[in-house]
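Understanding the architecture of this molecule
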Amino acid sequence: MSDQVGSPDDRRPPSERVVEAVAAASGTSPLDFEPTLYDAVDPEALDSLVRSGSDELRIRFRYGDRSVLITGNGRVDVSAPSEDDPSSEWIIFDE
């Protein structure tokens, strides 16, 4: 099962949408969710990559007990990780 938060029209930083999506999938408030996003990725670097990347950008990482996929167009998908998921994966396509 996958939850989606965010769209190309969403003006909030990608890192904020990730925290919100993972907390919602875990059934808790974003303010109370542990671990912090800093424990998984650098939020400022994540925001910068998504804002400057192409629509083909794909960033996948584990955060808490979830697998997160964020795309260059701002889409955030959260799902339960599988055993085959890497702890992190960065895919950037330049055209």
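Before any of the text, the structure's been laid out above.
So, how was this worked out
- Residues numbered from 1 in each chain as written.
- Predicted model: local features only at pLDDT ≥ 70, side-chain atom pairs only at ≥ 80, totals over all residues.
- Heavy atoms only, no water.
- Helix = DSSP H or I, 4+ residues; strand = E, 2+ residues; numbered from the N terminus.
- Buried < 20%, exposed > 50% of the residue type's maximum accessible area, 1.4 Å probe, protein only.
- Contact = heavy atoms within 4.5 Å.
- Phe/Tyr/Trp six-rings, centres within 6.5 Å; stacked < 30°, edge-to-face > 60°.
- Polar contact = N/O pair within 3.5 Å; in protein donor to acceptor, adjacent residues only side chain to side chain.

Details of the overall build of the protein
When its secondary structure is counted, the protein shows two helices and five strands. Shown N-terminal to C-terminal, the secondary structure of the protein runs as helices and strands in the order β-α-α-β-β-β-β. Buried positions account for 36% of the 95 residues belonging to the protein. Long-range pairs, those at least 24 residues apart, make up 51% of the contacts in the protein between residues at least 6 apart in sequence.

A look at unusual backbone geometry
Cis rather than trans, the peptide bond between glutamate 34 and proline 35 has omega equal to 5°. Mapped onto the elements, proline 35 comes out in the loop between helix H1 (14–26) and helix H2 (43–52).

Some thoughts on the packing of aromatic side chains
All chains considered together, the criterion is met by one aromatic pair. Considering the side-chain rings of phenylalanine 33 and tyrosine 63, the 5.2 Å spacing of their centres and the 75° angle between planes classify their relative orientation as edge-to-face. Of this pair, phenylalanine 33 sits in the loop between H1 and H2 while tyrosine 63 sits in strand E2 (residues 58–63); the two residues are 30 residues apart in sequence, bridging distant segments of the chain. Each member of the pair, phenylalanine 33 together with tyrosine 63, is buried.

A closer look at the side chain of aspartate 77
Along the chain, aspartate 77 turns up in strand E4 (residues 76–79). Within the local environment of aspartate 77, its side chain forms a polar contact with the side chain of arginine 75, the two groups lying 2.8 Å apart.

Shape descriptors only; they carry no functional weight alone.
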